[in-house]
2 protein chains.
Amino acid sequence: MTHDTPRPRRARQLPTTEELRIWRDFIETADTLRSELTARLQSESSLSSGDYAVLLALNEAEGHRMRSSELAAHIDWERSRLSHHLGRMERRDLIRREECAADSRGAEIVLTPTGLQSFRQATVPHLRAVRELFVDALTHEQLIAAGDLAATLRARLSAAGRQRGSAAQAKAARSDTG
Amino acid sequence: MTHDTPRPRRARQLPTTEELRIWRDFIETADTLRSELTARLQSESSLSSGDYAVLLALNEAEGHRMRSSELAAHIDWERSRLSHHLGRMERRDLIRREECAADSRGAEIVLTPTGLQSFRQATVPHLRAVRELFVDALTHEQLIAAGDLAATLRARLSAAGRQRGSAAQAKAARSDTG
DNA sequence: ACTACATAATTGACATGTCAATCAGCGCCG
DNA sequence: CGGCGCTGATTGACATGTCAATTATGTAGT
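Student: Would you mind showing me how to read the protein's contact with DNA strand D here?
Tutor: DNA strand D sits among 23 residues. The nearest are S69, R79, H84 and R97 of chain A together with S104 of chain B. Between DNA strand D and the protein, one listed contact pairs a phosphate oxygen with a side-chain N or O atom of R81 of chain B at 3.0 Å. S104 of chain B places a side-chain nitrogen or oxygen 2.7 Å from a phosphate oxygen of DNA strand D. For the surface near DNA strand D, the secondary-structure elements that each account for two or more residues are α3 (68–75) and α4 (79–91) of chain A together with α4 (79–91) of chain B. Counting residues per element, the surface near DNA strand D draws most heavily on α4 of chain B, which supplies six residues. By residue class, the composition of the surface near DNA strand D is one nonpolar, eleven polar and eleven charged.

Student: Just to check I follow, could you spell out the nonpolar core for this structure?
Tutor: Generally speaking, soluble globular proteins have nonpolar side chains that are buried together. L33 and F134 of chain A together with L33 and F134 of chain B are the most contacted members of the largest nonpolar core, which has 44 residues in total. Listing elements by their share of this core, those giving two or more residues are α1 (17–45), α5 (113–135) and α6 (140–164) of chain A together with α1 (17–45), α5 (113–135) and α6 (140–164) of chain B. Not counting chain neighbours up to four residues away, the residues in contact with L33 of chain A comprise L133 and F134 of chain A together with W23, F26, L153 and L157 of chain B.

Student: What is the right way to look at the pattern of salt bridges in this model?
Tutor: A side chain with one charge may pair with a side chain of the opposite charge, provided their charged atoms come close. Applying the stated criterion across every chain, the model contains 26 salt bridges over all chains. The residue E90 of chain A makes a salt bridge to R97 of chain A at a minimum N-O spacing of 3.1 Å. Judged by its relative accessible area of 33%, R97 of chain A is partly exposed. R96 of chain B is paired through a salt bridge with E98 of chain B; the nearest N and O atoms lie 2.9 Å apart. Look at R96 of chain B and you get partly exposed, because its relative accessible area is 36%. On the basis of relative accessible area, E98 of chain B is assigned to the partly exposed category, the value being 27%.

Student: How do you make sense of the protein's contact with DNA strand C when you look at a structure like this?
Tutor: Neighbouring DNA strand C are 23 residues, the closest being S69, R79, H84, R97 and R105 of chain B. Close to the protein, within 4 Å, the atoms of DNA strand C belong to sugar or phosphate groups at a rate of 64%. Interatomic distance of 2.8 Å between a side-chain N/O atom of R105 of chain A and a base nitrogen of DNA strand C. In terms of residue count, the dominant contributor to the surface near DNA strand C is α4 of chain A (six residues). Class assignment for the residues of the surface near DNA strand C results in one nonpolar, eleven polar and eleven charged.

Student: Help me understand the environment of H126 of chain A, please; the structure alone is not making it clear to me.
Tutor: Residue and element names in this part refer to chain A. For H126, the location among the structural elements is in helix α5. Look at H126 and you get buried, because its relative accessible area is 5%. Counting along the chain gives 81 residues from H126 to S45, while the straight-line C-alpha distance between them is 9.4 Å.

Student: Please explain the side chain of T29 of chain B as it appears in this structure.
Tutor: Its location among the elements puts T29 of chain B in helix α1. At 3.1 Å, the side chain of T29 of chain B forms a polar contact with the side chain of R154 of chain A. Not counting residues within four places of it along the chain, the set of residues in contact with T29 of chain B comprises A150, L153, R154 and L157 of chain A together with R24 of chain B.

Student: What is the right way to read the sheet that holds strand β2 (residues 95–99) of chain B from this model?
Tutor: Hydrogen bonds along the backbone pair up the strands of a sheet, which may run parallel or antiparallel. Residues and elements named next belong to chain B. Ordered in space as β1-β3-β2, the three strands form an open sheet in which the pairing is antiparallel. The sheet is open, and its two borders are formed by β1 (65–67) and β2, each paired with just one other strand. Going from strand to strand, the sheet's axes swing by 30° on average, the running direction of each strand aside. The pairing of β2 with strand β3 (residues 107–111) spans five bridges and is classified as antiparallel. The partner of R97 across the bridge, within β3, is I109. Each of β2 and β3 touches α4; the most contacted strand, β2, lies at about 115° to it.

Student: Would you explain the confidence of the model for chain A in this entry?
Tutor: Regions with low pLDDT should not have their predicted coordinates read in detail. Residues and elements named next belong to chain A. Overall, the prediction assigns chain A a mean pLDDT of 87, with 83% of residues at 70 or greater. Averaged pLDDT values for the elements of chain A fall to 89 in α6 and rise to 97 in α4. Segment residues 166–176 is flagged for pLDDT under 50; beyond a separation of four residues in sequence, or across chains, it makes 35 contacts in the model.

Student: Help me understand the sheet that holds strand β3 (residues 107–111) of chain A, please; the structure alone is not making it clear to me.
Tutor: Residues and elements named next belong to chain A. One open sheet holds the three strands; their spatial order is β1-β3-β2, and the pairing between them is antiparallel. Strands at the two margins of the open sheet, each flanked by one partner only, are β1 (65–67) and β2 (95–99). Going from strand to strand, the sheet's axes swing by 30° on average, the running direction of each strand aside. Where β1 and β3 come together, three bridges link them in antiparallel fashion.

Student: Sorry, what's going on with the packing of aromatic side chains here?
Tutor: Note on aromatic pairs: each is described by the distance of the centres and the angle between the planes. A full pass over the atoms with the stated rule returns seven aromatic pairs over all chains. With a centroid separation of 5.2 Å and an interplanar angle of 40°, the aromatic rings of F26 of chain A and F134 of chain B are classed as tilted. Here F26 of chain A, found in helix α1, pairs with F134 of chain B, found in helix α5, and the two come from separate chains. Take F134 of chain B: its relative accessible area is 1%, and that puts it in the buried class. Through a chain of ring-to-ring contacts, the aromatic side chains of W23, F26 and F134 of chain A together with W23, F26 and F134 of chain B assemble into a single cluster. Above the plane of the ring of W77 of chain A lies R81 of chain A, whose end atom (NZ or CZ) is 3.9 Å from the centre.

The rules behind these values
- Residues numbered from 1 in each chain as written.
- Chains lettered and ligands numbered in written order.
- Predicted model: local features only at pLDDT ≥ 70, side-chain atom pairs only at ≥ 80, totals over all residues.
- Heavy atoms only, no water.
- Near = heavy atom within 4 Å.
- Polar contact = N/O pair within 3.5 Å; in protein donor to acceptor, adjacent residues only side chain to side chain.
- Helix = DSSP H or I, 4+ residues; strand = E, 2+ residues; numbered from the N terminus.
- Nonpolar A, V, L, I, M, F, W, Y, C, P; charged D, E, K, R; others polar.
- Core = buried A, V, L, I, M, F, W, Y, C linked by side-chain atoms within 4.5 Å.
- Buried < 20%, exposed > 50% of the residue type's maximum accessible area, 1.4 Å probe, protein only.
- Contact = heavy atoms within 4.5 Å.
- Salt bridge = Lys/Arg side-chain N within 4 Å of Asp/Glu carboxyl O.
- Pairing = 2+ DSSP bridges.
- Axes fitted to C-alpha atoms, helices over the stretch in contact; angles between N-to-C directions.
- pLDDT = per-residue confidence, 0-100.
- Phe/Tyr/Trp six-rings, centres within 6.5 Å; stacked < 30°, edge-to-face > 60°.
- Lys NZ or Arg CZ within 6 Å of the ring centre and 35° of its normal.

Take a look at the structure:
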């Protein structure tokens, strides 16, 4: 198990079968985790993970309001994605758009009472689920290892991103994790 | 760093700040990884990760053909998702649908020459990217730890899924990892 | 053969994402 | 002041996903 690779690392072009198996396990498990959390959030509070990310940011914002572009930066979404999503959330009365006094191009996104209530109802069950399915599933050592893996992989990703100006670098990520 | 939790684990309801940080890092990094791989696949071969999953399955299938429902089971997609996706792939001449002799309700999905060629062009760069961004980023110990984490988390997920018949259990996962 | 139910696959409606315009207001510079 | 180029935000076109019908065909039981 410790030496399934006859050739030295540097000489290989492609992952071995075992490496590929670990890769698949890893990425699929992370996905399953996300989709389970998303499903619970949805069934317990009728919020999508995107909704949650937006509400979380607004809840923490000064006066429960934020400029649209700041919000986009905060949760790391593309502006058009946010715009579409805000439209849907506004229809459901979770947020409201107001004109911005300082800059009349801008919009201020405001948390509505409905939105605040939805968020408050969602938050404890959601964090409990994170604890149940992630934190408590792991030993302390595994939790540390998870943090270590994340840091290592992120370092590689951003190095690679810098080298090739990857457009997709971190696009979909940093979204709905709260 | 080893004891940021005064209260015993069992007494806690919610994750600590540090646990939440690790959780976010972990899940966001996995997402970033997926999105980087997807972006590279797209730019190098004009295939989405969904396309790749379908083509991979067909490429390995007997005669480069498979019943639609088997294909869905193999890559673990919902049937309607597959149906929609096959429609799009058929328009691009990557696959073809044929009537099934044995069961006239059924459809056989066949890899076209175009589809085969696209897949072959995509596969080596894709695996190289997996190696660069995942396998080679990690030490051997980290790789083992990744496999261990995946197994542990998956066990918890399927236990939780069994307990509450979660509909979303592993829906989006196991898709496009190849 | 006829009814009733299960199965294979597609469809339609809609949620969510991406990318490339578009539109309007802000500011600087001559 | 007037033009011109940023910037903030939205829009439209389209890819992708989910869920709940719908369609057509197989199969079992009487």
